[in-house]
Amino acid sequence: LRRATHIRSLNTVAYVSDADSMELLTHFAQSMRRVLTVRGDDLEGACGDLRDMRLEVPRVPKMRASWATPFLALAIQMEILQAIERGDVNRAARYGRILTRKSAEAGLVDYPTAMDIEQLAQRVIPQAAWEGAINNSTNHDHQGHGQQQQRASPPSPSPPPPLCLYDDDVMLGRVQRNIKQAAAQLSENGYAVVDALLGPPWAAVLPKAFEQMAHDMENHFTSGELELTGQSHKKTRGDKILWLDGLDAKHPLPSQLTQLLQKTVGAVLSSELNQRGEQPPLADTSGVIADSMFAMYSPCEGGFVRHLDNAGQDDLRRVSAVYYLSDCSHGQGGELVLYPESSEWDEEDANDEEGAAGVYCGKTKNGISVVPRIDRLVLFWSNKVPHEVIALTEDAPESRMALSYWYRSRLSSSMMDEALSPLRDYVEGHIE
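For clarity, every value in this text was computed on a predicted model and none was experimentally measured. (Residues numbered from 1 in each chain as written. Predicted model: local features only at pLDDT ≥ 70, side-chain atom pairs only at ≥ 80, totals over all residues. Heavy atoms only, no water.)

Asks: Just checking my understanding: could you explain the environment of Ala311 for this structure?
Replies: Mapped onto the elements, Ala311 comes out in the loop between strand S7 (304–307) and strand S8 (317–324). Once the C-alpha coordinates of Ala311 and Ser382 are considered, the two residues, 71 residues apart in sequence, prove to be 9.0 Å apart. (Helix = DSSP H or I, 4+ residues; strand = E, 2+ residues; numbered from the N terminus.)

If you want it as structure tokens, here you go:
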């Protein structure tokens, strides 16, 4: 349980004690059992109830939604296992196939965790029951009662499901290939630039979704602060920021991209860099709870002075990731300037405004200038690569939007940091 529930903030690691872990797991397991009993087959309603009550935890007055996710994931696995042990494979299938999905849609757990639970459940549930879980699902939104149900007109066709990044297997494969290549570049150069990380369809949709979220959450933005001083000043840092946990059901696409950056990209990146022997090893992202930062720079509001993301001492941040959600024209500011140890002045690069193949502006006497482009991801060492953000000029047409995340080192070389999975233990014990 300790491995499953330690909570990592930006710079520190806080542990939930064994006793508190068991108390929290018991709380969420009992809450899920109670809600599922009351709701029956209405799994969407059950997830809504759990979403409303997940912050009401005894002895945790400042409970956060992200802190509940590992316990809710464990509670879902326990429900599946208990149904299997009772011989109720149909209910186990419904929980494994539908409850997991509804939980992700409601922001109770992240999509990668839900998909992992679903895949594990499918391995130990008979195929007929697994297929029947979808065929026998009840649409409670159109269900009536008695004579009223008989007189009701046929329900209108259900609207198409909302777009979901995790339904696009082609894109997920693309991301995996891109990050594997980026890991090699990062290991060699200290930074990597990946263009078209997700591909054109998503590049057109995601910026609009973030713009809508920024409008809806306008009052929740705060001024960016300097790490060491905790102070904000436009001469040193001019962005407005919003911390995202990836569990906001009201803004599904921004939440899904946040999860993709945190979990999916992180899983490939940590695996590749650890295989390359990079030290210290990166933590398994399934066991890390930390927010992403959505930042907006506006014209004439200042940039971000040269700095290192890693503040030293107990700061575990190892790799910085910046994913761009807007374009900036050359000469209008907004560039991310990196100062890696391997950066050298190159006259040919400097004369090429767009750099090699348009990947970045090129090397300059002051570093490597990366122009923001929609669907462009930049990776660099948090503790080795100083960097700065150039302020947008007065004639810049719009704000600069980017989503940032930091991949962390393991707390110790002996700690694997992966999330606990009783369902995986069950599968491994029953399938050769």
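Asks: How should the packing of aromatic side chains be read in this particular structure?
Replies: Geometry of an aromatic ring pair is reported as the spacing of the ring centres plus the angle between the planes. Enumeration according to the criterion identifies six aromatic pairs in this entry. Taking the centre distance of 5.2 Å and the plane angle of 50° together, the rings of Phe210 and Phe294 count as tilted. Of the two residues, Phe210 is situated in helix H10 (residues 200–216) and Phe294 in strand S6 (residues 292–297); the sequence distance between them amounts to 84 residues. The pair Phe210 / Phe294 is uniform in exposure class, with both members buried. Between the aromatic rings of Trp243 and Trp406, the centroid separation amounts to 6.4 Å while the plane-to-plane angle is 45°, which identifies the pairing as tilted. In this pair, Trp243 sits in strand S5 (residues 240–244) while Trp406 sits in strand S14 (residues 400–408), placing the two residues 163 residues apart along the sequence. The partly exposed category is assigned to Trp243, whose relative accessible area is 36%. Taking the ring centre of Trp406 as reference, the NZ or CZ of Arg317 above it sits at 5.4 Å. The residue whose ring lies beneath Arg318 is Trp381, and the NZ or CZ to ring-centre distance is 4.3 Å. (Phe/Tyr/Trp six-rings, centres within 6.5 Å; stacked < 30°, edge-to-face > 60°. Buried < 20%, exposed > 50% of the residue type's maximum accessible area, 1.4 Å probe, protein only. Lys NZ or Arg CZ within 6 Å of the ring centre and 35° of its normal.)

Asks: Would you mind going over the pairing of S14 with me for this structure?
Replies: Where a strand is regular, its side chains alternate between the two sheet faces. Judged by how many residues are buried, S14 sits mostly within the fold: nine of nine residues are covered. Of the two faces of S14, both are covered, the one formed by Arg400, Ala402, Ser404, Trp406 and Arg408 as well as the one formed by Met401, Leu403, Tyr405 and Tyr407. Judged from the five bridges that link them, S6 and S14 form a sheet pairing that is antiparallel. Each bridged residue has a counterpart across the sheet, and for Met296 the counterpart in S14 is Met401. Here S8 pairs with S14 via seven bridges, running antiparallel. Considered in S14, the bridge of Val319 is made with Tyr407. (Pairing = 2+ DSSP bridges.)

Asks: Would you mind going over the pairing of strand S3 (residues 191–194) with me for this structure?
Replies: Residues Tyr191 and Val193 of S3 are buried on one face, and the alternating residues Ala192 and Val194, pointing to the opposite face, are buried as well. Sheet topology note: the S3/strand S12 (residues 377–381) ladder contains four bridges and is antiparallel. When the bridges of S12 are listed, Ala192 appears paired with Leu379.

Asks: How do you make sense of the sheet that holds S5 when you look at a structure like this?
Replies: Across the sheet, which stays open at both edges, the seven strands sit in the order S3-S12-S8-S14-S6-S5-S4 with antiparallel pairing between neighbours. Unpaired on one side and paired on the other, S3 and strand S4 (222–223) mark the two borders of the sheet.

Asks: I would appreciate a short explanation of helix H7 (residues 127–135) in the present structure.
Replies: Burial in H7 covers these residues: Ala129, Trp130, Gly132 and Ala133. The buried residues of H7 all sit within an arc of 165° when viewed along its axis, so they share a single face. Residues of H7 that are exposed and point more than 90 degrees away from the buried face comprise Ala128 and Asn135. Residues of H7 that are buried in the fold lie against helix H5 (89–105) and helix H6 (111–124). (Arc of directions from axis to C-beta. Contact = heavy atoms within 4.5 Å.)

Asks: Would you take a moment to explain the environment of Trp67 for this structure?
Replies: Here Trp67 is to be found in helix H4 (residues 65–85). Taking the relative accessible area as the measure of exposure, Trp67 reaches 24% and is therefore partly exposed. It is 9.2 Å that separates the C-alpha atoms of Trp67 and Leu55, two residues lying twelve residues apart in sequence.

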